[in-house]
Amino acid sequence: MTPREVAQTLREISQLLQIKGENAFKVRAYELGADAFETLPADPAAPGGLNERVKKGTLTEMDGVGKAISEKVTELVTTGHLRFLDDLRKEFPLGALDLMRVPGLGPRKAAVLIRELDVANLDDLERVAREGRVRGLKGFGERTEKLILDGIGQAKARQTRQPLYESRRIAEKLLERVRKVPGVLRAEIAGSVRRYAETNGDIDLVVASPTPDPAMEAFATSVEVMEVIARGPTKCSVRLRDGLQADLRVVPEAQFATALHHFTGSKQHHVKLRGLARDRGLSISEYGLAPLDPASGPGPEIRDEADLYRALGMQTVPPELREDHGEIELAKDNALPDLISRDDIQGFVHCHSTWSDGKASIEDMVRGAKALGAKFITMTDHSQAAHYAGGLGPDQIRRQWDEIAEVEAKVGGIRVLRGSEVDILEDGSLDLPEEILENLDVVICSVHQRFKLDETKQTERIRRALENPFCRIWGHPTGRQILDRPEMPARWEELIAVAAEKGVTVECNGSPRRLDFSADLLRLARKHGCKVSCSVDAHSVGELENIHFSVGTARRGWTERRRVVNARSPEEFLEMLRA
Ligand SMILES: [Zn+2]
Ligand SMILES: [Zn+2]
């Protein structure tokens, strides 16, 4: 449970209480509570974060959190459920909250519609408004009815999008559930989640089983599911608690590969592929690959996606590239980029420890990295300017080197490299003196403050840092946080060109809230020939797994193995960083 999920839950309570007609004071208390939880660190396990506060019973120390909210959040975090909300939800139809998405419909009006006209969702609302039954309600009138009809499309069309880390987490839970069902032979995540798109409008799963029902039942009854939207013989669509839609298709095993391919998309990629297939007298669909002329018998057997691309005379296009950015043309010429993959990664770059704002000791981080097969790890705690993150000054850094050497000797079999995530100060200088910088193996330079400088000032600030001879890696370059904080204003291509010229490695930061550079900017970096670090920005042992997000994003950004600095031995890594 993240602080953001807690905040969402409290907001839902506040809205339902409004519909119920509870007093304004009570309603407001839940809103203030929700605001308070949004100020906590996004990672629930962070020091001073959600988990620690629940454990120590210190939630009420936060502004806006009283005893009642503290008790509810504690129940929610420790059990995953909140009986108060479950009971409250039962008092209203499932679509009650959606009604309030229609401009001009507040909780009071929503309550009247539910009570007087039995309206349970947006479809009901549209119907009664068309039938002219809304205007007669007390406090509504013809104008309100028209406003509702005008606004309803907008409310329906506003597609919920979610960041990849949330969609992926839920998709993996659903996948795990259906994979356990007897009779399920194959099951995969499809759609934009499989393509590592950074936000997703829905979740798609494809399953091969001779008997669809048990898999669909397991899917429809998952705890994440709020309501079943539609259920046919082989397809089930549900709405999840957080508003996203998830679709499950169950197909015979012989159709699995083409169905998976079909539901992975993207649309643009498929349009082009279908054209190619037509030229070869074939037609592609979710059901298989068939000759256009039925007289020429059945199509080739497609066991996996490689068979499909082979039948079209081309290389297999990895899911992350299926966006019609030129991949089809290259695949026809057998010239797709040799993409980085998880197994190529030999070292974890960009790791924090309890020396700054990480929550594991250096030794724990190193053991965790070794357990994941790493040959090296770079410890890069924050520098002094990041005082909110417990950044280190020169003396502490020197002392940290002793511990690094001790841990390296003690754990054995893994190199532990000295580093720092150095703040780029407002004037573009680095936050540590030269005598420290020259003794570090790895210097990651990042902006953590003053995101709002104008484009020219920000560009000059970063340029100065990139031109600093000690700068090796450009950390989370744009500073964005997906759906939360936009990129800083700066002239990115110009800066990418500077990085390429100065030999600075650009980061593909795998912290799932960042994914920075994005795939689009990584493609630009590739054009300029930049080196790339697939970094984890890990603040705990568990976050070493961020490597999957980093590699997925790097692949989507067309990043080749040979350009990735940590896809090699520690010696080669250090050499390539300095090249
Ligand atoms: Zn950072
Ligand atoms: Zn960091």
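Residues numbered from 1 in each chain as written. Chains lettered and ligands numbered in written order. Predicted model: local features only at pLDDT ≥ 70, side-chain atom pairs only at ≥ 80, totals over all residues. Heavy atoms only, no water.

## Thoughts on the pairing of strand E6 (residues 235–240)
When a strand is regular, its side chains alternate between the sheet's two faces.
Next, step 1: Within E6, 5 of the 6 residues are buried, which leaves the element mostly enclosed by the surrounding structure.
Next, step 2: Direction of pairing for strand E5 (residues 225–231) relative to E6: antiparallel, over a ladder of 5 bridges. Considered in E6, the bridge of Arg 231 is made with Cys 236.
Next, step 3: As defined by bridge partners, E6 adjoins strand E7 (residues 245–251) across 5 bridges and the pair is classed as antiparallel. Counterpart to Ser 237 in the pairing with E7 is Asp 247. (Buried < 20%, exposed > 50% of the residue type's maximum accessible area, 1.4 Å probe, protein only. Helix = DSSP H or I, 4+ residues; strand = E, 2+ residues; numbered from the N terminus. Pairing = 2+ DSSP bridges.)

## Focus on the coordination of the zinc ion (ligand 2)
Next, step 1: Donor atoms from the polypeptide that coordinate the zinc ion (ligand 2) comprise His 350 (NE2), His 352 (NE2), Glu 421 (OE) and Asp 537 (OD), at 2.1 to 2.3 Å from the metal.
Next, step 2: Classification of the site at the zinc ion (ligand 2) as irregular follows from its 4 donor atoms and the range of 83 to 167° in their angles at the metal.
Next, step 3: Here the zinc ion (ligand 2) and the zinc ion (ligand 1) are spaced 3.2 Å apart, with Glu 421 acting as a shared donor. Taken together, the residues Glu 421 in strand E12 (residues 415–423) and Asp 537 in strand E16 (residues 532–538) connect sequence positions 116 residues apart.
Next, step 4: Assessed through its relative accessible area of 4%, Asp 537 is described here as buried. (Donors = N, O, S within 2.8 Å, 3.2 Å for Na, K, Ca; no water. Tetrahedral: all angles 85-135°; square planar, octahedral: opposite > 155°, others 65-115°.)

## Things to note about the packing of aromatic side chains
Next, step 1: Tallying each qualifying case throughout the model produces 6 aromatic pairs.
Next, step 2: Counting every residue linked through ring pairs, the aromatic cluster contains Trp 474, Trp 492 and Phe 517.
Next, step 3: Over the aromatic face of Phe 84 sits the side chain of Lys 72, whose NZ or CZ is 4.5 Å from the ring centroid.
Next, step 4: The ring of Phe 451 has Arg 485 sitting right over it, with the charged end atom 4.0 Å from the ring centre. (Phe/Tyr/Trp six-rings, centres within 6.5 Å; stacked < 30°, edge-to-face > 60°. Lys NZ or Arg CZ within 6 Å of the ring centre and 35° of its normal.)

## Concerning the sheet that holds strand E11 (residues 376–382)
Next, step 1: Strand order in this closed barrel of 7 strands is E10-E11-E12-E13-E14-E15-E16, and the pairing throughout is parallel.
Next, step 2: Inspection of the sheet shows strand E10 (residues 347–351) paired to E11 by 3 bridges, in the parallel sense. Along E11, the bridge assignment pairs Phe 348 with Ile 377.
Next, step 3: Sitting on the sheet, helix H24 (residues 570–578) touches E10, E11, E12, strand E13 (442–446), strand E14 (473–474) and strand E15 (505–509), and the angle it makes with E12 is about 30°. (Contact = heavy atoms within 4.5 Å. Axes fitted to C-alpha atoms, helices over the stretch in contact; angles between N-to-C directions.)

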